[in-house]
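A look at the structure
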Amino acid sequence: MAVTMKKLHAAADTVRKACGPADIAVILGSGLGGYEESLIDPQEIAYSKIPGFPVSTVAGHAGKFVVGTVRDKRVLVMSGRFHHYEGHSLDAVTMPIRVMALLGVKTLIITNAAGGVNTNFNAGELMLITDYINLSGRNPLRGKNLDEFGPRFPDMTNAFDPQLRDIALQRAQRHGIHLNQGVYCWMNGPSYESAAEIRMVRTLGADAVGMSTVPEVIVARHCGMRVLGISSITNMAAGVLDQPIHHEEVLQMGEKVRGSFRTLLDSLIDHLTEEESEKI
Ligand code: HPA
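Residues numbered from 1 in each chain as written. Predicted model: local features only at pLDDT ≥ 70, side-chain atom pairs only at ≥ 80, totals over all residues. Heavy atoms only, no water.

**What about the packing of helix α2 (residues 90–103) against helix α5 (residues 214–222)?**
Put simply, α2 and α5 touch, their axes get as near as 9 Å, and they point 50 degrees apart. Here α2 lies oblique to α5, going by the angle between them. Every pair of crossing elements has a handedness; the one defined by α2 and α5 is right-handed. Where α2 approaches α5, its residues L90, V93, T94, I97 and R98 are matched on the opposing element by P215, E216, V219, A220 and H222. Split by residue class, the contact of α2 with α5 holds six nonpolar, two polar and two charged. (Axes fitted to C-alpha atoms, helices over the stretch in contact; angles between N-to-C directions. Helix = DSSP H or I, 4+ residues; strand = E, 2+ residues; numbered from the N terminus. Parallel < 35°, antiparallel > 145°, perpendicular 65-115°, else oblique. Left-handed = near helix turned anticlockwise from the far one by under 90°. Contact = heavy atoms within 4.5 Å. Nonpolar A, V, L, I, M, F, W, Y, C, P; charged D, E, K, R; others polar.)

**So, the site of the ligand**
Around the ligand sit A113, A114, G115, Y192, E193, V209, G210, M211, T234, N235 and V250, and those are all the residues in its vicinity. Between G115 and the ligand, the recorded distance is 3.4 Å, taken from a backbone N or O atom to a nitrogen atom. In this structure, N235 approaches the ligand through a side-chain N or O atom, which is 2.6 Å from a nitrogen atom. Looking at the shell around the ligand, the elements with two or more residues in it are β5 (107–116), β8 (208–210) and β9 (226–236). Ranked by residues supplied to the shell around the ligand, first place goes to β5 with three residues. (Near = heavy atom within 4 Å. Polar contact = N/O pair within 3.5 Å; in protein donor to acceptor, adjacent residues only side chain to side chain.)

**Looking at unusual backbone geometry**
For the bond running from G189 to P190, omega is 0 degrees, close enough to zero to count as cis. Residue R71 is not a glycine yet carries a positive backbone phi of 50 degrees. By the secondary structure assignment, R71 is in the loop between β3 (64–70) and β4 (73–79). On the accessibility criterion, R71 (42% relative accessible area) is partly exposed. Not every positive phi belongs to a glycine, and N158 is a case in point at roughly 55 degrees. Relative to the helices and strands, N158 resides in the loop between β6 (125–134) and α3 (162–174). The class of N158 is partly exposed, set by a relative accessible area of 43%. (Buried < 20%, exposed > 50% of the residue type's maximum accessible area, 1.4 Å probe, protein only.)

Structure follows, in structure tokens:
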């Protein structure tokens, strides 16, 4: 069933009652959970308590919104996300983003686990997403346009905010974190790609490949949010190394980069809350 404003408002009202409004949102990818522990006075709600919300089926993905304070700003952490490969419609996958927009979120930090396509990358590194390629053949904005959020044909030039990218690079350098930059390519999954597909996406200009993020980014941009994307390169993509890819190893590597990822995220939120406070 297509998403409606009524359904979105009902979900947003429930989250607002439980957790209050939010200014900044963070979506945590596989193995990258834990940031919610940084929040002051956290209030949370399980997805299962939100009317109309899908329920995550992936191991390693909890399913809750946690909203808390950093300085005087409200930060919402989405712990566990929905993927198209789980069988969720793109309306369901992107419903949380529209709910965030209704809660007042203006800035979204979106993270994921990804396979490294660029042979200069190594598993265990981070990549700042500069742009995306949508090879899924799908678009979450298909169907009646929700004019309350944005235009029928939204611009996707600089989908990842150039200013926020600069800040991320500066902050990574400050903390001695190696931050690659590159293009993230969305594949449907759930099978990992074939080696030939990886050679193809490299030719097309992709640096990393994954099964999430792009639908959320398209909808966030449609809602007018500023978006920053960070991939944890949990493994080299198919065929780069002479070894198979196992989901457990992807999760374990996510755990390994958690420390540097957390440092970078803390620093970014620090900047954003300072920046936002200064505007008032
Ligand atoms: N391919 C697609 N998605 C992924 C990968 C990959 O190699 N690693 C983590 N998520």
